[in-house]
Amino acid sequence: MTFGATETLVIRKATPADLDAIKAIADAHRHELGFVLRPALAESIGRGEVLVAENHQGLIGFAEYHHRRDAQTTLYHIAVIPQCRQQGVGRALVNALCAEASALGKLTVFLKCPADLSARGFYACLGFEVLGEEPGNGRSLIVWTLSLTENTQKTRLFRRVSPYGAEGQI
Ligand SMILES: CC(C)(COP(=O)(O)OP(=O)(O)OC[C@H]1O[C@@H](n2cnc3c(N)ncnc32)[C@H](O)[C@@H]1OP(=O)(O)O)[C@@H](O)C(=O)NCCC(=O)NCCS
């Protein structure tokens, strides 16, 4: 029996045991994510600010973020392995991140993404809005924000995959 990427999908908090697999996914996306430092990833895992997407194949994606002291959550890095894309895994990661941010009283999710990446279509699909564009390190960055207070955004976010899969927990 073969499964699609999301049939056995669980979104859960990363643990230190996931560090190698997360770093391997990050390193495979250096063009998109830049160089993701292992100690910084380990710190984020320690703070409980990394989510992983896991299915029968193993770890297939991750999202690293930070809940600031004010009302903003910042998404630093997100990636899904190529063979599992366009099946709702990235949406499920953002979905879980937004659920967690909302539960903590955050009002917005904020991120910067290189303007040349096709990921801009992903953020637009999830209801993010462009705040502006700014110069980056050799390429310009689009600044995106998502309001966690608007029901319409939530409907779009929660449309496809439940945040934690059948067994996942945060
Ligand atoms: C961006 C990324 C995380 C999206 O993950 P994914 O699992 O493919 O996304 P999903 O399947 O959950 O897509 C959610 C929606 O966004 C759309 N979408 C996803 N990637 C898209 C793209 N590159 N262009 C346009 N739309 C896109 C999907 O069609 C889907 O829309 P739908 O629900 O209306 O069908 C993945 O493409 C990736 O890892 N890219 C490389 C790393 C990267 O660029 N990270 C972002 C750095 S800023």
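As the structure is a prediction and not an experimental result, all values here were calculated from the model.

Novice: Hey, could you run me through the packing of helix α1 (residues 19-27) against helix α3 (residues 38-46) in this one?
Specialist: Packed helices, taken two at a time, are described by the angle their axes make and the gap between the axes. Across the interface, α1 lies against α3 with an axial gap of 11 Å and an inter-helix angle of 125°. One way to sum up the angle between α1 and α3 is to call them oblique. Remark: the crossing between α1 and α3 carries right-handed chirality. Contacts from Leu-19, Ile-22 and Lys-23 of α1 reach α3 at Arg-38, Leu-41, Ala-42 and Ile-45. Classifying every residue of the contact of α1 with α3 gives 5 nonpolar, no polar and 2 charged.

Novice: So what exactly am I meant to see when it comes to the nonpolar core here?
Specialist: Proteins that are soluble and globular tend to have nonpolar side chains buried together. Counting residues in hydrophobic clusters, the biggest one holds 38 residues, and the most contacted among them are Leu-51, Ala-53, Phe-62, Ala-63, Leu-93 and Leu-97. Secondary-structure elements contributing two or more residues to this core are α1, α3, β2 (50-55), β3 (58-67), β4 (72-80), α4 (89-103), β5 (108-114) and β7 (141-147). Per-element accounting of this core gives the leading share, 8 residues, to α4.

Conventions we followed
- Residues numbered from 1 in each chain as written.
- Predicted model: local features only at pLDDT ≥ 70, side-chain atom pairs only at ≥ 80, totals over all residues.
- Axes fitted to C-alpha atoms, helices over the stretch in contact; angles between N-to-C directions.
- Helix = DSSP H or I, 4+ residues; strand = E, 2+ residues; numbered from the N terminus.
- Parallel < 35°, antiparallel > 145°, perpendicular 65-115°, else oblique.
- Left-handed = near helix turned anticlockwise from the far one by under 90°.
- Contact = placed C-beta atoms within 7 Å.
- Nonpolar A, V, L, I, M, F, W, Y, C, P; charged D, E, K, R; others polar.
- Core = buried A, V, L, I, M, F, W, Y, C linked by C-beta atoms within 7 Å.
- Buried ≥ 20, exposed ≤ 12 C-beta atoms within 10 Å, placed from the backbone.

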